[in-house]
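In case you want the letters, here they are:
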Amino acid sequence: MTILAIESSCDETSAAIIRDGEILSNFIANQTIHEQYGGVVPELASRAHMQNIVPVVNAALQKAASQAGENGNDTAAFLQSVNAIAFTQAPGLIGSLLVGAQFAKSLALALNVPLIAVHHMQAHVLANLIEDPKPVFPFLCLTVSGGHTQIVLCESPLSLKVIGETMDDAAGEAFDKSAKLLGLPYPGGPLIDKYAKEGNPKRFKFPEPQIPGLGFSFSGLKTAILYFLQENTAANPRFVEENLADICASIQHRIVSILLNKLKAAALTTGIDQLCIAGGVSANSGLRKAFTELGEQNNWKTFIPAFQYCTDNAAMIAMTAYYKYLNEEFVDLGASPTARA
Ligand code: KG4
Ligand code: ZN
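For the protein, an unreviewed UniProt entry supplies the name tRNA N6-adenosine threonylcarbamoyltransferase and the organism Niastella vici. Quoted verbatim from the Subcellular location (unreviewed entry) heading of the UniProt record, the comment on the protein is "Cytoplasm". Checking UniProt for the protein, the heading Sequence similarities (unreviewed entry) contains the comment "Belongs to the KAE1 / TsaD family."

Colleague: Describe the site of ligand 1, naming the residues involved and giving the relevant values.
Modeller: Neighbouring ligand 1 are 18 residues, the closest being G146, G172, G189, G280 and N284. At the level of secondary structure, the elements contributing two or more residues to the shell around ligand 1 comprise α5 (171-181) and α6 (189-196). Among the residues making up the shell around ligand 1, the classes are represented as six nonpolar, nine polar and three charged.

Colleague: Kindly report on the domain arrangement of the protein, identifying the contributing residues and their values.
Modeller: Under the domain assignment used here, the protein contains domain 1 (2-125 + 312-326) and domain 2 (133-304). Measuring from the centre of the C-alpha atoms in domain 1 to the corresponding centre in domain 2 gives 28 Å. The partner domain 2 presents 17 residues to the eleven residues of domain 1 that form the contact. Considering every element that reaches the side of domain 1 that touches domain 2, the biggest residue donor is helix α4 (residues 120-126), with four residues. Its residues assigned to classes, the side of domain 1 that touches domain 2 comprises four nonpolar, five polar and two charged.

Colleague: Can you explain α5? Please cite residues and give values.
Modeller: Of all eleven residues that make up α5, eight are buried, and the element is covered over most of its length. Of all the residues in α5, the buried ones are A171, G172, E173, A174, F175, D176, S178 and A179. On its buried face, α5 is in contact with β6 (139-144), β7 (149-156), α6, α7 (219-235) and α8 (239-270). Positioned one or two residues after α5, G183 has a phi angle of 80 degrees, which is positive.

Basis of the calculations
Residues numbered from 1 in each chain as written. Chains lettered and ligands numbered in written order. Predicted model: local features only at pLDDT ≥ 70, side-chain atom pairs only at ≥ 80, totals over all residues. UniProt positions renumbered as here; feature names shortened; annotations may be inferred. Near = placed C-beta within 6 Å. Helix = DSSP H or I, 4+ residues; strand = E, 2+ residues; numbered from the N terminus. Nonpolar A, V, L, I, M, F, W, Y, C, P; charged D, E, K, R; others polar. Domains from an automatic or database assignment. Contact = placed C-beta atoms within 7 Å. Buried ≥ 20, exposed ≤ 12 C-beta atoms within 10 Å, placed from the backbone.

The following block contains the structure:
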């Protein structure tokens, strides 16, 4: 059984092919145009998706055909073997989602195959099922992206329950907004990660919010960093450039501790010992290291998707679509994307 999946929720255009639960190809076109604006510009993202979608789908088909031992140039023949088309339905930028959805519907119509609508956050979680070793159900997943921060209790591929969530900013936003305050370009998360590698994470102390239960909050941290930088640059205008590595390491250390303290609490309250991370922020090297250590200290099993399956990609959409196909969860051609879930 073969599914072609498309992801276009934000600023990455991606297409992937899954056959009998195995990913055959996964292509991602990044949009660099947004860097100069300090954030994703929705209208530019939609236009870039329009330009990227045909070449990206074509590349995914070619690679999958050669992976399957067929002629990679004969994409038309490979397309005939596709049993369903999947797309990201929500959440995301509506103009971006529409490009992927319309393309997916047109293909489903032309090939006369069913259409599968996938929730982007569910797909981030199921990225953990793409490669071995895989977690055993039930497991907990800390999903951390540019728009979400959630602890998800996963009982089966199609039964996911959010048991903890951010009250304000997402972890990715905390990284990106902190980076912006430091004068770093968008998206700043990967840059904080890079500079943090050379820095002392204990040098500066940022506050940890006291939020009850499994909730998160990052807006206080952002304000604390703003005041910290204002105070220190007033005394020394070169403060940021002279201390960039230590500042980045200290910010990253605090964001990671906020995330993992709640994940630890979730594991203790549920008694679940299989833990996963997912979403763009799970590419963060500090988080990956501390997460693995948390597992070792408590005798919990930890799982992290391969780097290319952490940030937005269509392989995770394909993986989710695979389970939906088995469960016959199809949508009709009238299905519309929505910005919010
Ligand atoms: O999942 P994702 O690719 O897109 C959304 O669905 O939001 O996540 C993007 C977020 C951005 O905030 C980006 O800065 C962050 O993930 N990110 C990182 C790293 N790589 C990506 N944050 C910290 N360290 C990284 N290495
Ligand atoms: Zn995402």
